[in-house]
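# Structural characterization, general
Residues per chain are reported as follows:
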Amino acid sequence: MPDIHPFLVHFPIALYLTGLFLDLLGVVRRDPAPLRAGWYLLAASCMGCILAVGSGLLAKGAVDVRGPALESFALHEQLALATGAGVCLLFYWRLTYRGDIPVSHRNLYLLAALITAGLMVSTGLLGGILVFEHGIGVR
Ligand code: HEM
């Protein structure tokens, strides 16, 4: 089976970060339209994360990782799992409010969303290091 992880990973990253930007815009402007769009992007990003984690775990069995790449590889995997868990939890949290950001816990929600963005960016950066510095998955 071809390694589709590099093809899939860009979707959750782009969808999540754009969704968070729209959420912040909606909160600052008190405008429900960007918040609705942010919710849809979070839902799509959650699906993308599940695919990215699944394809990453499949790629893990197919690539040859050794030497200095091992540490980056382990960190990429751990951060990816934390990212996936974070996005899924945020999705579930908002689902219980029918897609709205919970008013009573708004700051807590946004803090969790920003931490998850940090995890997402770190996961992506480490993935790039795996490929472009260590040549993992490159024939
Ligand atoms: C939220 C989930 C994940 C994201 C956003 C993500 C992101 C990335 C990115 C951006 C790259 C570099 C791709 C490129 O530049 O071509 C990459 C590579 C890679 N990632 Fe992930 N990753 C995720 C989950 C995982 C998991 C759970 C594993 C399992 C250990 C994994 C294993 C790999 C491997 C082996 C590579 C090297 C390229 C390949 O052979 O596929 N990733 N990842």
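A short tour of the structure in this document, coming up.

What counts and what doesn't
Residues numbered from 1 in each chain as written. Predicted model: local features only at pLDDT ≥ 70, side-chain atom pairs only at ≥ 80, totals over all residues. Helix = DSSP H or I, 4+ residues; strand = E, 2+ residues; numbered from the N terminus. Expected span 1.5 Å × (residues − 1). Buried ≥ 20, exposed ≤ 12 C-beta atoms within 10 Å, placed from the backbone. Contact = placed C-beta atoms within 7 Å. Near = placed C-beta within 6 Å. Nonpolar A, V, L, I, M, F, W, Y, C, P; charged D, E, K, R; others polar. Axes fitted to C-alpha atoms, helices over the stretch in contact; angles between N-to-C directions. Parallel < 35°, antiparallel > 145°, perpendicular 65-115°, else oblique. Left-handed = near helix turned anticlockwise from the far one by under 90°.

Below, the discussion takes up helix α5 (residues 106-132). In this model α5 runs 39 Å from its N-terminal to its C-terminal C-alpha over 27 residues, within 8% of the 39 Å that 1.5 Å per residue would give. Among all positions in α5, only Tyr109, Ala113, Thr116, Leu119, Met120, Thr123, Gly124, Leu126, Gly127 and Leu130 are buried. In this fold, the buried residues of α5 make contact with α2 (10-29) and α4 (69-95).

Because an α-helix completes one turn every 3.6 residues, residues spaced three or four positions apart along the sequence face the same direction. With 20 residues, α2 should cover 28 Å at 1.5 Å per step; its first-to-last C-alpha distance of 28 Å lies within 8% of that length. Residues of α2 that are buried sit in contact with α3 (32-62), α4 and α5. Arg30 lies just past α2 and shows a positive phi near 50 degrees.

A few words on the site of the ligand. Close to the ligand lie 28 residues, the nearest being Pro6, Gly56, Ala80, Gly127 and Gly137. The set of elements that each furnish at least two residues to the shell around the ligand consists of α1 (5-8), α2, α3, α4 and α5. The element best represented in the shell around the ligand is α3, accounting for seven residues. Grouping the constituent residues of the shell around the ligand by class yields 15 nonpolar, ten polar and three charged.

Further remarks concern unusual backbone geometry. The phi dihedral of Arg30 falls on the positive side, at around 50 degrees, and the residue is not glycine. Along the chain, the position of Arg30 falls in the loop between α2 and α3. In this structure Arg30 comes out as exposed when scored by C-beta crowding, with 7 C-beta atoms within 10 Å.

Bringing the packing of α4 against α5 into the picture now. Look at α4 against α5: their axes get within 8 Å of each other, and the N-to-C directions meet at 150 degrees. In terms of axis orientation, α4 runs roughly antiparallel to α5. Where α4 crosses over α5, the handedness of that crossing is left-handed. Of the residues belonging to the contact of α4 with α5, the class tally is 17 nonpolar, eight polar and no charged.

Attention now goes to the packing of α3 against α4. Relative orientation of the contacting elements α3 and α4 amounts to 150 degrees, with a least axis distance of 9 Å. What the angle tells us is that α3 and α4 run roughly antiparallel. Like other packed secondary-structure pairs, α3 and α4 cross with a definite hand, here left-handed. Each of Trp39, Leu42, Ala43, Ser45, Cys46, Cys49, Ile50, Val53 and Gly56 in α3 lies in contact with α4, whose residues at this interface are Ala80, Leu81, Thr83, Gly84, Val87, Cys88, Leu90, Phe91 and Arg94. Its residues assigned to classes, the contact of α3 with α4 comprises 13 nonpolar, four polar and one charged.

Moving on, we get to the environment of Ala80. In this structure, Ala80 sits in helix α4. The exposure class of Ala80 is buried, given the 24 C-beta atoms found within 10 Å. Separated by 25 residues in the primary sequence, Ala80 and His105 place their C-alpha atoms 26 Å from one another. Look past the residues within four positions of Ala80 in its chain and what remains in contact with it is Val53, Gly56 and Thr123.

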